[in-house]
Structure formats: C-alpha cells, structure tokens
Amino acid sequence: MKKTAYILIFLCSLLTWGQNEQLAQNYFDKGEFDKAATLLDEIVKKQPNNTFFVQKLAASYQQLQQYSKADQLLTEKYDQYKLPSYLVELGYNYQLQKNQSKADSYYEKAFKEIEKNANYTYSIAQAFEQKTLLQWAYKSYEAGQKANPNLNFDYQMALLQGQMGNLENMTTKLFDYAYANPNALVNVQNQLSYFLQEDTEGTFLASLKKELLLRTQKNQDIFWNQFLSWLYIQQKEYSKAFIQEKAIYKRNPQSFEDIIQLAQLCINDNDNETANNIFQFIIDNTNDEETIITANYYIIKNQIEKAKPEEYLAIKQKLDNLLTQFGDSPYALDLKLLSAQFYTFNLNQFLQSKTILEGLLEKPYNIRQKAKIKMKYGDVLVYDEKFNQAIIYYAQIENDLPNDEMAHEATFKMAKTSFYKKDFDWAMKQAKEMKQASSLLIANDAVELFLLISDNTAEDSLRVALQDYAKAELLEYKNKPTEALTAFLQILEKHKGNSIEPSTIYRVARNYEKLGEYNKAVTYYEQILTKHKDSYYIDEALYFSAEIYRKYLNESEKAKGYYEKVVLEHPDSIYFTASRIQFRSLRGDKQAGI
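Residues numbered from 1 in each chain as written. Predicted model: local features only at pLDDT ≥ 70, side-chain atom pairs only at ≥ 80, totals over all residues. Heavy atoms only, no water.

Novice: Looking at this structure, how should I read the overall build of the protein?
Specialist: Secondary structure assignment for the protein yields 32 helices and 0 strands. Principal-axis analysis of the C-alpha atoms places the extent of the protein at approximately 85 × 65 × 60 Å. Of the contacts made within the protein by residues no fewer than 6 positions apart, 51% connect residues no fewer than 24 positions apart. Accessible area of the protein: about 30500 Å², with a carbon and sulfur share of 47%. For the protein, the centre of its 70 positive side-chain charges and the centre of its 78 negative side-chain charges are spaced 2 Å apart. (Helix = DSSP H or I, 4+ residues; strand = E, 2+ residues; numbered from the N terminus. Contact = heavy atoms within 4.5 Å. Areas by Shrake-Rupley, 256 points an atom, 1.4 Å probe, with all protein chains shown as cover. Lys, Arg positive; Asp, Glu negative; His and termini not counted. Charge placed at Lys NZ, Arg CZ, Asp CG, Glu CD.)

Laid out in structure tokens, this is it:
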C-alpha cells in the first residue's frame, strides 16, 4: 500500500513540475519576464544541466535588463559544465549592453573551441544562429568542416547564405547538397518552397529556373529533370513539367506513376488540355491494361465535363466502345461508374444508371470499391429526388470507413441532400460538424452551407427564401444551368435586399459562366464586390472574375488586378496560391523561354 502511495505522490509531483515548466514558458511568451524568471530559477535549480531552461532564464534577466544576473548565471554554468555555447550566451549578454569588444572576445573564445574539438561545431553554430549572428554561425560551420573534413554542414551553410540574402549562393549549395545526398531532396525542396513563398518580385524563381536549366544541359542525370519538373509543378506550369517527365521516361521507361500523378494535378487545377496530352502519351507508350483504362477514363471524363449537349451522342458511343473492350477487366470500375454518372447527369436516363450500379453492388468488390459504388448510387438517387434512399447509401459509407476522407465526403453529401429536401436544421448540424474536415475543399463547402442556412434563418423564420434557394440549387446539381439560372434570378426578384441575396448573386454568376455568357457573369461578380463587400463570396468573385478576364475576355490587366487583390487581401483563400502564380505571370516575373 505504501508503495502505491509513493508512486502516486511521485506521479503527482511530476505532473506539477511539468505544469511549472509550461507556465514558465507561457509567461515568457507573453512577455511577463519577472514571473517567468521566478519559475525558471526554481526549474534551473532542480535541472542545473538543462541548457534550454538556463538560456530561457538568462533571456528573462536580459529582458528585465538585469545583465549582471544573466552574467553570473552563465559564468557559473560555463565554469561548471564547460559548454562552449555558454560563451556565445555570455558574449551576447555584453552585446546587449553595447560592449561589442567584450562580446567579440567571448565569440572568439567560442570559435576557438571548434578548432580544439570539431564536435562542438553544431552547438556553437546553433547558438550563434539563435542570436541572429549569422556570419559567426557560418564561420563556425566552415571551421568545423576544416577541422574535421568528415563533418558535413553544407545544408546548414546553404540556408545561412539564404538568410543573409545570398540567394544564388544558397541555391548552388543546396543543389550540390541534394545531388550528393538524394535522401535530403525533400528537405531541400521544402526550404526552396519557403524562399519561393517570400519571393514577392519573382527574381528568386527566375534564377532558380535558370540554374536548373543549366544543370539539365550540363549533366544528363535525370535527377535534374525531376528537380525542374518539381519546380514547374510548384508554379502550376504543368505543360512544362510534362516536357521534363517525358524526357525522364524516355531515358528510364520503367513506370508511368509520376506522369499519372502529374496528370491528376492537371485535372485538379482544371488544366484539362495538358491532362489529355499526358494521358494520350501514356496510351501511346504502354501495353498495360490498367494504365490504358485509367488514361482513357480521364480523357473521356474531361470530355464530358466540357461537352455541349450536341456532343453527348458521340461521347456515349465512345463510352460504350470502351466498356465493350474493357468491361470484363477488374480495372474497369471507375469507367463503369463514369458511365452511370453520364447516363444520369447528361442523358437524364436514371433507370439506365440504376441498372449499372445495382449490378455493380452485387459483385465481390472490396470495401473501398463498394463505397465508391454507393457514393455514385447516392448521387444519382439525389438527382431522381429519392433523398432518403440517397442518405442511406451515404450513411453506409460513413459507417464502413470511419474517419476516412471518403466518409467525410459522404457526410457532407448527406448535409447537402438534407438541404435539398429542405431539412435545414439537420443540414446545418451536419455542416457544422464538417467545418473541420481534413479536406480543405469539403471544409470550405461545409462552412458555406452552414453560413447560408444560419444567416438566412435569423432573418426569415419561415425560411421561404431558403426553400426557393434549395430548389434552384438542386437544378444546378442536376446539371441544368439554364433552369437553375432562371430560378436564381427569380429569387433575386422575390427576395431582393434579403440576406439570401449575395449567395444568389454568386450562383447567378456561376451559371452564366457555365453557359458561356462571360460578360454577364463578371457583371454579377462585380455586384458581390461592390454591394456585398462583407459576404463570404468575395475571394471567389475576385478569382473567378480574374479567370474570365484572362481566359475568355483577353483582358490581362483587369485579370492581374483581381488576382492581386486575392493575394493581398485574402491570404487564407483556397484560391490564394493559384492567384499568386497567375499574378506573377501576368506581371512578367517569368523570363521569356523559361
């Protein structure tokens, strides 16, 4: 019994001690340095060799301008443990007192410790770097490598060059380091991504491309093609990335995995032309059935998304031919699901889709494949306004794949289906739960749905406008933009000035855009920007206006202005990255021919 009591007391003391450490850190972070110093002093007495808390205590004294206390603490710890990093701390304490000569004398002492023992290099250099003494940190790494050539600090030295503004030197060193250490490639690319984000003028991007192009010309190793492809992908220049991927494949024709991933990125960013070119290249260069089916699936899926009604018959014939050729293949599931989607949402032939999907449900697919079939069946049931049946299928996915992204998608679709059937309270409850979904797009859509219902419930307790809106949005879901447009325009007339107005204006603009009436679309986007500046749809209105001006109306200057507003005023927008890339491109940041 006594033993148990001692253990409990010990555990409680550990918990209390951990809380003290956290509390001290909180005080320090909030700038309450006197309170932080009191707690840190107790912690250091119990953990005298813990350099982290010693440094925090010294920093607290320095913030309180109690430099003699800091000096006494650091001198005592150096005399006790002989850690050279404390020499840097002592020097910095004098630097804060404007005694640079005394500070430099301590820095020199720390520096000379590297010559005696190169194993101190990293700790000393890190101490300098933490104090933003970058030149001293760089010199320390240089000295360490000179004292022991087996040590390699190329990566740290490269990053220091970047922090000191020597970006070209940093780039050269990082490229050399990555080439010599392929396992470090991801770390190098992550660092380059950080500097690219900070590259407001585009000069770093241009020099990066130039250096990579030179290396691909001088060195035939596919490493540099892969690196250049990565850079183009970061900038969403997928057609240029494809050129590099083709060069890689021709020299190493083992797998299409990277090329297929590139095509997927193209599809996600609506670069359908490049995606189709990639998939056609794949078809022309493989005999693998799974790869051929996957490529054909994406080609025809892109065609469907862009097709006009008069093209449906030719697409149906192509789909039928592919299913005749590959229908018995175990890799043809997505093609069959696409066929069911096409029959319902393009040809309005629900019964044909139902037959396909019910037949698929009887086959021995695995749990994820079954979930894909149920998801599609739920979608076509919503089209046929069999809402309760659709919800059952979505709920099955949610139960079969808990915490999976597919389950999150199914949960959101349940919310939308509840919205279409005008069960607004349940839809809002489900949307609220999805606001923290792992998928940014699902979370964004969930927030939109939640705000739509909540904002329009406070003003209209009978939810008359919401009922009209749900009916109009269901027409949009059914791929009937003309009918949806008419319904949304009627809402604007019937509920003018109500809280439903900004959402409706946005939907009107989107449907005009789908119908190819781009001037009308931007007119309605402009209404959001001028009359509803506080609405949820501001960044969408800016981004889609920019896209229309750039792609369809050939007004680059206007497009550039809208992209710039997204970048400067909406850094948390899901359209931020795409807007920044297009803005830089239209501003002329990219070098010709690169």
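After that view, the rundown keeps rolling.
Novice: Can you help me understand the confidence of the model for the protein in this one?
Specialist: For residues with low pLDDT, the predicted coordinates do not support detailed interpretation. The pLDDT averaged across the protein works out to 91; a share of 95% of its residues lies at or above 70. Here residues 1-17 is modelled with pLDDT under 50, and outside its nearest four sequence neighbours on either side it reaches 4 contacts, counting other chains as well. Predicted confidence is poor over residues 590-594, with pLDDT under 50, and the contacts of this stretch with residues over four places away or in other chains come to 9 contacts. (pLDDT = per-residue confidence, 0-100.)

Novice: In this structure, what is going on with the environment of Leu313? I would like to understand it.
Specialist: With respect to the element layout, Leu313 can be found in helix H18 (residues 312-326). Considering only alpha carbons, one finds Leu313 and Leu347, 34 residues apart in sequence, at a separation of 9.0 Å.

Novice: Looking at this structure, how should I read helix H11 (residues 185-197)?
Specialist: In an α-helix, one turn spans 3.6 residues; hence positions three or four apart end up facing the same way. Across its 13 residues, H11 extends 18 Å between first and last C-alpha, which sits within 8% of the 18 Å expected from 1.5 Å per residue. Taken as a whole, H11 has its buried residues at Val188, Gln189, Leu192, Ser193, Phe195 and Leu196. Relative to the axis of H11, the buried residues are bounded by an arc of 165 degrees and lie together on one face. For H11, the elements touching its buried residues are helix H9 (154-163), helix H10 (167-180), helix H12 (203-218), helix H13 (222-234) and helix H32 (576-587). (Expected span 1.5 Å × (residues − 1). Buried < 20%, exposed > 50% of the residue type's maximum accessible area, 1.4 Å probe, protein only. Arc of directions from axis to C-beta.)

Novice: Got a minute to help me understand the environment of Asp79 in this structure?
Specialist: Secondary-structure assignment places Asp79 in helix H4 (residues 67-81). A relative accessible area of 47% places Asp79 in the partly exposed class. In sequence terms Asp79 and Ile373 are 294 residues apart; their C-alpha atoms lie 71 Å from each other.

Novice: Hey, could you run me through the nonpolar core in this one?
Specialist: General note: in soluble globular proteins, nonpolar side chains tend to be found buried as a group. With 81 residues, the main nonpolar core has Leu357, Ile373, Phe419 and Tyr525 as its most contacted residues. Filtering out sequence-adjacent residues up to four positions away, Tyr525 remains in contact with Tyr506, Ala509, Arg510, Glu513, Ala541, Phe544, Ser545 and Ile548. If you look at the next biggest cluster of nonpolar residues, it comprises 57 residues, including Tyr177, Ile259, Ala263 and Tyr312. (Core = buried A, V, L, I, M, F, W, Y, C linked by side-chain atoms within 4.5 Å.)

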